Amino acid sequence: MMDVGRHPNIELLTYAEVEDVSGYVGNFKVKVRKKARYVNENECTACGDCAAVCPIVVPDEFQMGLGTRKAVYIPFPQAVPSAYIVNANECLGQNPIACGKCIEACEKRCIDFDDRDRLLNIEVGAIIVATGMEVYDPAVLDEYGYTRYPNVVTSLEFERLISTGGPLEGHLGRPSDLQRPRRVGFIQCVGSRTQDPARGNPYCSNICCMNTIKAAQYLKDNYPDTEITVFYMDLRAFGKGFEELLMRSKSNGVRYIRGLPGEVWEDPVTRNLRVTVENTTANRLENHEFEMLVLAVGMRPATDTEPIRQMVSLSKAPSGFLKEAHAKLRPVDTPTKGVFIAGAAESPKDVRESVTQASAAASRAAILLNKSRFAVEAITAVVDKDLCKMCGRCAEVCPFGAIQWEKKQVARVVSAACAGCGTCAAECRFGAIEMRHFSDQAVYAQIDAILDEDPMHKIVTFACNWCSYAGADTAGVSRMAYPPNARIIRTMCSGRVNPEFVWYAFKKGAPVVLVSGCHYVDCHYIDANRSTTRRMDGLWDGLEKAGLRPDRLLLEWCSAAEGARWQTIMKEAEKKRQSVTVEEVEQTRAVLATLQVPSPRNPRESDENQEAEFACMRCGNRWTGYYSVNLERTCPQCRSNSVRWLRVKK
Amino acid sequence: MPTENLRIGVFVCDCGSNIAGAVDTEAVREYAATLPNVVAAVRNKYTCADPGQQEIQRAIYEHNLNRVVVASCSPTSYEAIFRKCIEGAGLNPYLLEMANIREHCSWVTPGDREAATRKAKDIVKVAVARAHWLYPQDEEEIPVTDAALVIGGGVAGIQAALDLADAGHKVYLVEKKPSIGGIMAQLDKVYPDIECSI
């Protein structure tokens, strides 16, 4: 920490927030608000004379509210920068007539109530998002009595209670009477690994098992006579030296009981805590009494990550943590070029993992910064100025904000920010956007080549580069046999599939068209495949209006790892192909030869969270549910994603 | 319109028995030679090996090729290599197209040589059709500002900032709270060695 404050290459901006990020890889423009500190951080020597005279006493957030601080304070003794700060909301001195004692006490005259927020504009080539995690608040889990019973504390509060830098200066005491607890219980998985959203998160928070084992062992080291019991559902001690620490704590007498207490009662006289637990190893009901109970609380994404995520266009996993570009091969990259992730913003991590990932992120960023120039792959979008009708739809659907457009202005692509997904080209009704290396003409030539001989036996298949094409590769590598009728057209993203491509294929005699891409959580272009779904809804609607079978158009999401799913998709598509007759295809060609494509009926914003009817285009299943643009649709019966949205008639 | 005077070369790979075991690659090669604007169709045992790549480069010179189709494996594994290969013979790397007749054909169509061969021919045909619409592309180079922003001053942000700064880059470390340190600073001891956190 100290090194950061001293490093000549680091400009440390504390008590500061990123307000806006614009630009693109290599050339980000960032607005930072450095909030008024009211203490000159360069001059302050952290002598503490100001705090000594400050009359305002408030709970100390660093000590988890277990200690107090003044309105002028230093967050903790080793803080960097080593400087005090005035919390303006608590201080009386905003009106110097009311107080101003600290100003008088400060010999160096560091305190300045005229200090104001400063806006800084900085330019950087790379961004590392390390916004961390937050501790789960167990107050909602009423059965554990947290906040009702003073001697039920969280694991982070326990850290402060036992710390030499804590309010008790290292002499562990329990909150109700500051007496040292002789019997301490730990409850694991609080707010983690639950399927009930009211009780926490479904994922494992990764660090709580080891944190408890550490705490138990540390307690034993310092107070060997303490009886310690840990209640758990699984103990996950999988890292280097972890199992050894678990064994050490066991040999020192820490008891581990498989089973989580259902409820906690407090003895009103002793303020001790009683728990009843089903010991699932011994298969019996047990009662335990503790003087202090520690809840091993899980972790959740930091609230402050969300605005940053939106500023730099990152995706998030269903858990809410930031999504990396690739779970295995690009774990610290993000879909936005030039932006990297470090630490617990990506998933709950301990110190060692955070440091490892941070070094990886720094290295990835350094690879970029070491180049004076950066080559952008030539697959970006290009606007034809003569064809552009200045409607701005392209800018609306671009997941990367790479298209600049203003009313009555021709759209302009910032190629450095363009990732080449092509959803803008698919959206443009005027054919004004061309994708370099993935042109419309090339796609039409591919469709022609597929269908100009023996079209009845072909399934025109669009596959996105990252997931479904790679899923088909995985099926191949795993030698998963499937019918030989699909012909794949690779696009970077399923969002590239212009509805015109699909109409054209049917016009040319395709019995079945299949569009495939990444699952919503995996979309390599943030959310471009939401546009795919919207266009598919329009196509299904259009096919029906034209008197054609909408279920000849299929939509499937398949990740790069889902070879078996690809195999199923292929088999099902082939079944669908066999259901199409020569007469039907002839009729389709006749209808489409003269048809003006009807305007598509898609879900609108007002349909969000509204009840809707869904119809599976693969198996014919129909059901009602709620529509949300970000909800991946899957048929509950056959697991297909060929799920058509239908507005419920009121 | 596609470029005039297209001269397309198709290189069909046996991949040992990986492709040739399920697909009649010679029949695919013969078929490829009949496709429009294909002036050279060559079969190799291993196209990605040095001799295979040399053969591509030789054919580019010999037949004055201006589009290259490699019918072998997935572009996700070998496109980069073949792009370099044709670049070495003076062609723009974007003039390459791959026809995936291994992962998407021979490996998933066992025991039906006729169907697999028919599919492989089709895949090559589609790739040749696409090759008609490939153009040389220049990769745009943009300048890079030699500075980094690290958002968050917890242990991860601290480490990332220090590494980048030590590597000689300017770093702005932005932390919302009045001090860096994050949750790590609140921990008394850290596992597995039970050491101080700060």
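Residues numbered from 1 in each chain as written. Chains lettered and ligands numbered in written order. Predicted model: local features only at pLDDT ≥ 70, side-chain atom pairs only at ≥ 80, totals over all residues. Heavy atoms only, no water.

Moving on, we get to the interface of chain A and chain B. Facing 117 residues of chain A, the contacting portion of chain B comprises 79 residues. Of the roughly 8600 Å² buried between chain A and chain B, counting both surfaces, carbon and sulfur atoms make up 62%. Summed over the three residues of chain A that lose the most area to chain B, namely M1, L369 and H437 of chain A, the buried surface amounts to 8% of that side. Inspection of the chain A/chain B interface yields nine salt bridges. Counting across the interface, chain A meets chain B through 58 residue pairs in polar contact (both at pLDDT 80 or more). Ranked by residue count, the leading element in the side of chain A that touches chain B is helix α8 (residues 351-369) of chain A, at ten residues. For the side of chain A that touches chain B, the per-class residue count stands at 67 nonpolar, 25 polar and 25 charged. As paired elements, strand β9 (residues 126-129) of chain A and strand β6 (residues 147-151) of chain B share four bridges and run parallel to each other. Its bridge partner being in β6 of chain B, I128 of chain A is matched across the sheet by V150 of chain B. (Contact = heavy atoms within 4.5 Å. Buried area = accessible area lost by both parts, 1.4 Å probe. Salt bridge = Lys/Arg side-chain N within 4 Å of Asp/Glu carboxyl O. Polar contact = N/O pair within 3.5 Å; in protein donor to acceptor, adjacent residues only side chain to side chain. Helix = DSSP H or I, 4+ residues; strand = E, 2+ residues; numbered from the N terminus. Nonpolar A, V, L, I, M, F, W, Y, C, P; charged D, E, K, R; others polar. Pairing = 2+ DSSP bridges.)

Once that is clear, we can look at the nonpolar core. Ranked by internal contacts, the top residues of the largest apolar core, which has 63 residues, are I128 of chain A together with L164 of chain B. Aside from chain neighbours lying at most four places away, what touches L164 of chain B is I128, A362, A365, A366 and L369 of chain A together with A148, H169 and V171 of chain B. Ranked by size, the runner-up nonpolar core spans 58 residues in total, among them Y136, Y144, V275 and F321 of chain A. (Core = buried A, V, L, I, M, F, W, Y, C linked by side-chain atoms within 4.5 Å. Buried < 20%, exposed > 50% of the residue type's maximum accessible area, 1.4 Å probe, protein only.)

Attention now moves to the environment of I526 of chain A. Structurally, I526 of chain A can be placed in the loop between β28 (512-517) and α14 (528-545). Residue contacts for I526 of chain A: discarding those within four places in its chain leaves S313, S315, P335, T336, P399 and F400 of chain A.

A separate point is the sheet that holds strand β17 (residues 284-290) of chain A. All names here are of chain A. Ordered by their spatial adjacency, three strands build an open sheet running β15-β16-β17, and the pairing between neighbours is antiparallel. Either end of the sheet is taken by a strand with one partner, and the two such strands are β15 (263-266) and β17. Averaged over all pairs of adjacent strands, the angle between their axes in this sheet comes to 25 degrees, without regard to strand direction. (Axes fitted to C-alpha atoms, helices over the stretch in contact; angles between N-to-C directions.)

Attention now moves to the side chain of T588 of chain A. Residues and elements named next belong to chain A. Positionally, T588 belongs in helix α16 (residues 582-594). Using a relative accessible area of 1% as the deciding quantity, one classes T588 as buried. Here the side chain of T588 touches E584 through a polar contact of 2.8 Å, landing on its backbone oxygen. Residues contacting T588, with those up to four places away along its chain left out, are F506, L548 and R552.

Residue and element names in this part refer to chain A. Taken as a whole and assessed by the stated rule, the structure comprises 64 salt bridges over all chains. With its nearest N and O atoms 2.8 Å apart, the salt bridge here joins R577 to E574. Here the residue R577 and the residue E574 both occupy positions in helix α15 (residues 563-578), the gap between them amounting to three residues, near one helical turn. Look at E574 and you get buried, because its relative accessible area is 8%. Taken together, the salt bridges that share partners define one network made up of R393, E396, E427, R534 and R535.

So, on to the environment of D448 of chain A. Residue and element names in this part refer to chain A. Along the polypeptide, D448 turns up in helix α11 (residues 440-451). Judged by relative accessible area, which is 23%, D448 ranks as partly exposed. Distance from D448 to V4, taken between C-alpha atoms, is 61 Å for residues 444 residues apart in sequence. In this view, D448 contacts Y504 and K508; residues no more than four positions away in its chain are not counted.

As a further point, take the pairing of β9 of chain A. All names here are of chain A. The two faces of β9 match: A126 and I128 on one face and I127 and V129 on the other face are all buried. Judged from the three bridges that link them, β9 and strand β20 (residues 339-341) form a sheet pairing that is parallel. Bridge pairing links I127 to V339 in β20.

What follows deals with the sheet that holds strand β26 (residues 459-464) of chain A. Residues and elements named next belong to chain A. Read across the sheet, four strands follow the order β27-β26-β28-β29 without closing on themselves; strand pairing throughout is parallel. Each edge of the sheet is formed by a strand with only one pairing partner; in this case those strands are β27 (486-491) and β29 (553-557). Going across the sheet, the axis of each strand differs from the next one's by a mean of 20 degrees, ignoring polarity. Pairing between β26 and β27: six bridges, direction parallel. Bridge pairing in β27 places F462 opposite I489. Sitting on the sheet, α11 touches β26 and β27, and the angle it makes with β27 is about 175 degrees.

Averaged over all residues, the pLDDT of chain B is 95; the fraction at 70 or higher stands at 99%. The complex prediction reports pTM at 0.77, with the ipTM value standing at 0.86. (pLDDT = per-residue confidence, 0-100.)

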